[in-house]
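Coordinate inspection notes
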2 protein chains.
Amino acid sequence: MTDDDLPALTGPVEVVGAGLIGTSIALVCSRLGIEVVLRDTSEENLRTAHGLGAGRAAAPDDRPQLVVVAVPPASVGDAIVDALSRTGAVVTDVGSVKAAPFEEVAGRVGPDDLARYVGSHPMAGSERSGPLAASAALFDGRPWAVTPHPYARPDAVRLVEALVLECGAAPLVMEPAEHDRAVARISHLPHLAAVLVAGRLAAAPAEHLALSGQGVRDVTRVAASDPELWQQILEANSEAVLDLLAEVRADLDALMSAVASDSGPDLVEILTRGNAGTAAIPGKHGGPARPTRSVFVAVPDHPGELARLFGDAGEIGINIEDVHIDHDPGRPVGLTELVVERGSAEPLLAALESRGWTTHR
Amino acid sequence: MTDDDLPALTGPVEVVGAGLIGTSIALVCSRLGIEVVLRDTSEENLRTAHGLGAGRAAAPDDRPQLVVVAVPPASVGDAIVDALSRTGAVVTDVGSVKAAPFEEVAGRVGPDDLARYVGSHPMAGSERSGPLAASAALFDGRPWAVTPHPYARPDAVRLVEALVLECGAAPLVMEPAEHDRAVARISHLPHLAAVLVAGRLAAAPAEHLALSGQGVRDVTRVAASDPELWQQILEANSEAVLDLLAEVRADLDALMSAVASDSGPDLVEILTRGNAGTAAIPGKHGGPARPTRSVFVAVPDHPGELARLFGDAGEIGINIEDVHIDHDPGRPVGLTELVVERGSAEPLLAALESRGWTTHR
């Protein structure tokens, strides 16, 4: 379907739950000039979200076009049912699990109300939570699952898709149960693996932790997330999660016996399957991941220099895919990593060197 | 000890194995004006490393001050013994495992030769391999374990520390066996967890993979590494790795029963231990990790704009910790994420907005 088929998201949009996701959605809509009304059991969250320009507190006579339920998983069902009975609006939720809330709602509301409910799930977030971590850019270029049930009104589905597109995300329509199996694999399992690895660091000697490199930081980053939130997510999707954990347990046993028996070929096969898995993940924006190379440039640690570097890179006309600044307070010169398509690395290095930059190959 | 106590690294430095690590060390030394001679069984690696300016091929009458053995784990022992018998130089290796090579060398050379061997291990690398991935910046600010055995000559230990410092890394002196337990925990276990998660993606439906967010990318990134290399690393450190895998297996069983039994408190306890583990990892340069916040700026996707952004950020005089460019070929406007210390975010946003930039909070 093209954007033209979509009903206009004119608002008002009611956001229930002014946390990271809810406030981020509210910020997007407010910036688009759509009226946003906020509900949250926490007065502080409401004040913070309002202060960020996300919208105003909801009033009894508000007549929202769309209600977005962005509360913790354990409260999602109640909040959806409440929104359907309070308003005549299309209602979506942005919870991480989709089958359980649908079943709960289906058992508690009539068919006309149920038809106005369409679940969804933006694949965006942060290990931080709360409205202060919110950003209108949170969903930019991210996948956002839209999970209509068989009784959902087509215009309700399209209105939710319109919200997704306004947020700059890519809508992916799938069945609730299929969504839950998908997130168990690409979100809940990675999260739990990070938790298990991080758990082994908690009581580690400082001498061991001092050797930490980027690898362990990347693998464990998501394990810093809110435990109460994740407990609810995992219990709401326990069936799909347990199926996968059982598969991983079998893989772990195979791995342990391969290591224990010095069985090289078995171990290589397991490690090679890991290669295949990383290659299977699509590129950041759905496209294939492009091969890149890093160019390192020494940049004196005072403000004007970065501007000069990007000025030169701009004149060279090479597209910079990403940038990392290895900022070390202890040093006068910081190292800046410019990530470019593999073929552009040598020309960029040569051009920067000819302009007097110190590069590291 | 301070740098003053260290013997000067005057060279020549012989690098055995012109792969990612060996060529990177050679590049550092060459840039310092130290003569570097290279050995590799692969003529192509030698040509490539030479072409990058890493050094020249070794000649029979070279008299190196220091030999750096940077070959795959399975060949490390032979290469160290060969270097000790060929030369009178101090010999170090940069292999990922330290106890096994020492024991092998101790069993094959006399006490005088053994005294010239000091193992080491830079905590730097890449999921890519080979000389083309090499960079003189690879070790910048990274920990680098130096693992002297009881019979090592003190001046040999200090010469290896001098190399570490010349590479811009931070030397951490520890016993070989302790090092191996440390890397099992902060490197080999995270790697295997990434492999197990990635292994579950290999045969996943495309519809599932399309929902992939940053979390699964971070958790699985290291699983893209060379399987043959990792097979050798894991088998060389199998004892420490198996001990940890057994602990993780027990944790996994506890996790599965907590999820299966809907036992909220147990699950929260496991997830909270994950929080503690991520908090235990020291900051990038050994210091504590500082709280940061991201500021998102919309940047038109043509070269001059990034320069203008950094020019303005420079004038504002706020220190930018890191930068990410969410580069989307499909869009005229890219989103640039500026990571700054938490307190600097609001001032930066206000200043950028006053200069006409579109920001997202």
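As the structure is a computational prediction, the values presented were derived from the model and not from experiment.

Let's shift gears to the packing of helix α12 (residues 264-280) of chain A against helix α10 (residues 227-236) of chain B. The interhelical angle for the contact between α12(A) and α10(B), taken along N-to-C directions, is 130°, at an axis separation of 9 Å. Considered as vectors, α12(A) and α10(B) are oriented oblique to each other. Crossing geometry of α12(A) relative to α10(B) is assigned as right-handed. Between α12(A) and α10(B), the residues in contact are A:Gly264, A:Leu267, A:Val268, A:Leu271, A:Thr272 and A:Asn275 and B:Pro227, B:Glu228, B:Trp230, B:Gln231, B:Leu234 and B:Glu235, respectively. Looking at the contact of α12(A) with α10(B), its residues break down into six nonpolar, four polar and two charged.

All names here are of chain B. Looking at the secondary structure, you find Ser 96 in the loop between β5 (90-93) and α4 (99-108). Here Ser 96 falls in the buried class, since its relative accessible area comes to 18%. If we skip the residues at most four places from it in the chain, Ser 96 touches His 121, His 179, Val 183, His 188 and Ile 233.

What follows is about the pattern of salt bridges. Overall, the coordinates contain 34 salt bridges over all chains when judged by the stated rule. Residue B:Asp251 pairs with A:Arg200 through a salt bridge whose shortest N-O separation is 2.9 Å. Of the two residues, B:Asp251 is situated in helix α11 (residues 238-260) and A:Arg200 in the loop between α7 (176-199) and α8 (206-209); the pairing between them involves two chains. What makes A:Arg200 buried here is its relative accessible area of 18%. For the salt bridge of A:Asp218 with B:Arg221, the shortest nitrogen-to-oxygen distance reads 2.7 Å.

Residue and element names in this part refer to chain A. Two elements, strand β7 (residues 143-147) and strand β8 (residues 170-173), share four bridges in a ladder whose sense is parallel. Among the inter-strand pairings, Trp 144 is bridged to a residue of β8, identified as Pro 171. Following the chain from β7 across helix α6 (residues 154-166) to the adjacent parallel β8, one finds a crossover that is right-handed.

All names here are of chain B. Along the chain, the position of Pro 150 falls in the loop between β7 (143-147) and α6 (154-166). Using a relative accessible area of 70% as the deciding quantity, one classes Pro 150 as exposed. The sequence separation of Pro 150 and Glu 337 amounts to 187 residues, and the corresponding C-alpha distance is 49 Å.

Residues at a pLDDT of 70 or more form 91% of chain A, whose mean pLDDT is 88. This stretch, residues 327-331 of chain A, has a pLDDT under 50; its non-local contacts, to residues over four places away or in other chains, come to twelve contacts.

The subject of this paragraph is the nonpolar core. If you look at the biggest cluster of nonpolar residues, it comprises 58 residues, and the most contacted ones within it are A:Leu245, A:Leu255, B:Leu245 and B:Leu255. Only α7, α10 (227-236), α11 (238-260) and α12 of chain A together with α7 (176-199), α10, α11 and α12 (264-280) of chain B provide two or more residues apiece to this core. Not counting chain neighbours up to four residues away, the residues in contact with B:Leu245 comprise A:Leu252, A:Leu255, A:Met256, B:Leu189 and B:Leu192.

So, on to the packing of aromatic side chains. Residues and elements named next belong to chain B. Tallying each qualifying case throughout the model produces two aromatic pairs over all chains. Aromatic side chains Phe 139 and Trp 144 sit 5.0 Å apart centroid to centroid with 40° between the ring planes, which places their arrangement in the tilted category. Taking the relative accessible area as the measure of exposure, Phe 139 reaches 1% and is therefore buried.

It is worth spelling out the relation of the copies chain B and chain A at this point. Overlay of chain B on chain A (RMSD 0.2 Å): rotation 180°, translation along the axis 0.1 Å. The transformation relating the two chain copies, once decomposed into turn and shift, fits a two-fold axis. When C-alpha distances to the rotation axis are compared across chain B, the minimum falls at B:Val219, with a value of 2.0 Å. When the interface residues of chain B are mapped onto chain A, 100% of them again fall at the interface, so both copies present the same face.

On the chain A side, the residues contacting the 128 residues of chain B number 129 residues. Regarding the contact of chain B and chain A, the summed buried area is about 11,700 Å², with carbon and sulfur atoms giving 64% of it. At the junction of chain B and chain A, the tally comes to eight salt bridges. With a shortest N-O distance of 2.5 Å, B:Arg249 and A:Asp253 are connected by a salt bridge.

What follows deals with the sheet that holds strand β8 (residues 170-173) of chain B. All names here are of chain B. Within the open sheet, the three strands sit side by side as β6-β7-β8. Their pairing is mixed. The open sheet has two free edges, formed respectively by β6 (119-122) and β8, since each of these has just one partner strand. Neighbour-to-neighbour, the strand axes of the sheet open up by a mean angle of 25°, direction not taken into account. Judged from the four bridges that link them, β6 and β7 form a sheet pairing that is antiparallel. In the strand pairing of β7, Pro 122 is matched with Trp 144. Against the sheet, α6 engages β6, β7 and β8, with an angle of about 170° to β7.

What counts and what doesn't
- Residues numbered from 1 in each chain as written.
- Chains lettered and ligands numbered in written order.
- Predicted model: local features only at pLDDT ≥ 70, side-chain atom pairs only at ≥ 80, totals over all residues.
- Heavy atoms only, no water.
- Axes fitted to C-alpha atoms, helices over the stretch in contact; angles between N-to-C directions.
- Helix = DSSP H or I, 4+ residues; strand = E, 2+ residues; numbered from the N terminus.
- Parallel < 35°, antiparallel > 145°, perpendicular 65-115°, else oblique.
- Left-handed = near helix turned anticlockwise from the far one by under 90°.
- Contact = heavy atoms within 4.5 Å.
- Nonpolar A, V, L, I, M, F, W, Y, C, P; charged D, E, K, R; others polar.
- Buried < 20%, exposed > 50% of the residue type's maximum accessible area, 1.4 Å probe, protein only.
- Salt bridge = Lys/Arg side-chain N within 4 Å of Asp/Glu carboxyl O.
- Pairing = 2+ DSSP bridges.
- Right-handed = clockwise from strand over helix to strand, strands pointing away.
- pLDDT = per-residue confidence, 0-100.
- Core = buried A, V, L, I, M, F, W, Y, C linked by side-chain atoms within 4.5 Å.
- Phe/Tyr/Trp six-rings, centres within 6.5 Å; stacked < 30°, edge-to-face > 60°.
- Least-squares fit on C-alpha atoms with pLDDT ≥ 70 in both.
- Buried area = accessible area lost by both parts, 1.4 Å probe.

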